[in-house]
Amino acid sequence: MPRYLISFNDGAMDHIPAEEIPQVGREAHAVIQEAVNAGVFVYGTGLERQQATIVGTDGVVTDGPFPETKEVIGGFVVLDVASHDEALKWAAKIAASCRCAQEVREVMPDPETEAMLRAAGRS
C-alpha cells in the first residue's frame, strides 16, 4: 500500500487559545488512536519550534530555513493507506482535530530500503 505524509506548517496552530490546547491534544490523539486501531498508522509527531540546521553534501553546517519562512513543517503523520482518497479522509480528520489545514503527499516507495528493513527484522 502507498504511504502518505500528512503535515502542517509550524505556526498553523498559533490561533488556538492556550486554554484549548489540552482539548486539541486529546482530539488529535483520538484520531491517531483511530489510525492505530485501523492498522494504517506508521509514525507521527510534532516538531520542536526551532530553526533547522542544514548539513550540506560537503559536510558544511549552516543555519536552515529561517522562522519567517512559512514552509517549515510543524508536525506530521505517515499513514499506510490504500489510496489518495483514503489519505484525504484521514487528513480531514486530522485537520478537524488539530484545527489547522493539512498537506497530503504520497511518499515514494523505496524497495531497496524496505528490503534492508526486512533483512534487519524491522518491517
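Since the model is a prediction, treat every value here as computed from it, not as a measurement. (Residues numbered from 1 in each chain as written. Predicted model: local features only at pLDDT ≥ 70, side-chain atom pairs only at ≥ 80, totals over all residues. Heavy atoms only, no water.)

A. Representation of the sheet that holds strand β2 (residues 41-46) within the structure. Judged by pairing direction, the sheet is antiparallel, and its four strands sit side by side in the order β2-β5-β1-β6 without closing on themselves. Each edge of the open sheet is held by one strand with a lone partner, namely β2 and β6 (103-107). Ignoring which end each strand starts from, the neighbouring axes of this sheet average 20 degrees apart. Along the sheet, helix α2 (residues 84-98) contacts β1 (3-9), β5 (73-80) and β6; its crossing angle with β1, the most-contacted strand, is approximately 30 degrees. (Pairing = 2+ DSSP bridges. Helix = DSSP H or I, 4+ residues; strand = E, 2+ residues; numbered from the N terminus. Axes fitted to C-alpha atoms, helices over the stretch in contact; angles between N-to-C directions. Contact = heavy atoms within 4.5 Å.)

B. Layout of unusual backbone geometry. If you check the backbone angles, Arg-99 has positive phi at about 60 degrees while not being a glycine. Within the element layout of this structure, Arg-99 appears in the loop between α2 and β6. For Arg-99, a relative accessible area of 30% corresponds to the partly exposed category. (Buried < 20%, exposed > 50% of the residue type's maximum accessible area, 1.4 Å probe, protein only.)

C. The arrangement of the side chain of Gln-102 in detail. Along the chain, Gln-102 falls in the loop between α2 and β6. By relative accessible area, Gln-102 is classed as buried at 17%. A polar side-chain atom of Gln-102 sits 3.2 Å from the main-chain carbonyl oxygen of Cys-100. Contacts of Gln-102, omitting those with residues within four sequence positions, involve Ile-6, Ser-7, Phe-8, Ala-91, Ile-94 and Ala-95. (Polar contact = N/O pair within 3.5 Å; in protein donor to acceptor, adjacent residues only side chain to side chain.)

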